[in-house]
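# Secondary and tertiary structure notes
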Amino acid sequence: QVQLVESGGGLVQAGGSLRLSCAASGRTFSSYCMGWFRQAPGKEREFVAAISWGGGRTDYADSVKGRFTISRDNVQNTVYLQMNGLKPEDTAVYYCAATREPSSWDTARAYNYWGQGTQVTVSS
């Protein structure tokens, strides 16, 4: 079992930055690949970024490449999403999730554990 708690969301102006954190419980954090997803009102949940067990491999949605950076700290059992150059279209609830299936880590159904989400709002 893995329990995930996100934090760091908020209201920011376009062009600004936020860093999301996701704290994981349990001693098996380093055995999971971690992902960030987001869901805007009226839209489906979409993949944002993912990171491998040790942090050596990452993947990003095209819409956030070059602006967002995912990282993890396996000592602190935390995964981060640094978001720079935020745009109004980045407004959504952001969720972190854990999976042991990296082959399909850009799909929500691959993930077994989810956090409760944190709201990010970008004003124009």
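Here the residue numbering is sequential within each chain, running from 1 through the sequence in written order. With pLDDT at 70 or above as the cut-off, local features in this predicted model cover only qualifying residues; side-chain atom pairs require 80 or more to be listed or tallied, and sums for whole chains, interfaces and linings still use all residues. Just so you know, side-chain values use all the structure's heavy atoms and leave hydrogens and water out.

Turning to the packing of aromatic side chains, a few remarks are in order. Each pair of aromatic rings taken from Phe, Tyr and Trp, with Trp reduced to its six-membered ring, is defined by centres within 6.5 Å and is described as stacked if the planes are under 30 degrees apart, edge-to-face if over 60, and tilted in the remaining cases. What the rule picks out here adds up to 6 aromatic pairs. Centre to centre, the rings of Tyr 32 and Tyr 113 are 5.9 Å apart; their planes meet at 80°, and the pair counts as edge-to-face. Of this pair, Tyr 32 sits in the loop between β3 (18-24) and β4 (33-39) while Tyr 113 sits in strand β10 (residues 113-114), and the two are 81 residues apart along the sequence. Remark: exposure states derive from per-residue accessible area (1.4 Å probe, protein chains only) relative to the maximum for the residue type, with buried under 20%, exposed over 50%, and partly exposed in between. Assessed through its relative accessible area of 5%, Tyr 32 is described here as buried. For the pair Phe 37 and Phe 47, a centre-to-centre distance of 5.7 Å together with 75° between the ring planes defines the contact as edge-to-face. With Phe 37 in strand β4 and Phe 47 in strand β5 (residues 46-51), this residue pair connects regions lying 10 residues apart in the sequence. Residue class for Phe 37 comes out buried when judged on its relative accessible area of 1%. For Phe 47, a relative accessible area of 13% puts it in the buried group. A connected cluster of aromatic rings, assembled from ring pairs, spans Phe 37, Phe 47, Tyr 95, Tyr 111 and Trp 114. Taking NZ or CZ as reference, Arg 100 lies 4.3 Å from the ring centre of Tyr 32, over its face. Elements are defined by DSSP. Helices are runs of H or I of four residues or more, strands are runs of E of two residues or more, and each kind is numbered from the N terminus. Whether a charge sits over a ring comes down to the Lys NZ or Arg CZ being within 6 Å of the ring centre and within 35 degrees of the ring normal.

Everything listed is a geometric property; what it means functionally is a separate question.
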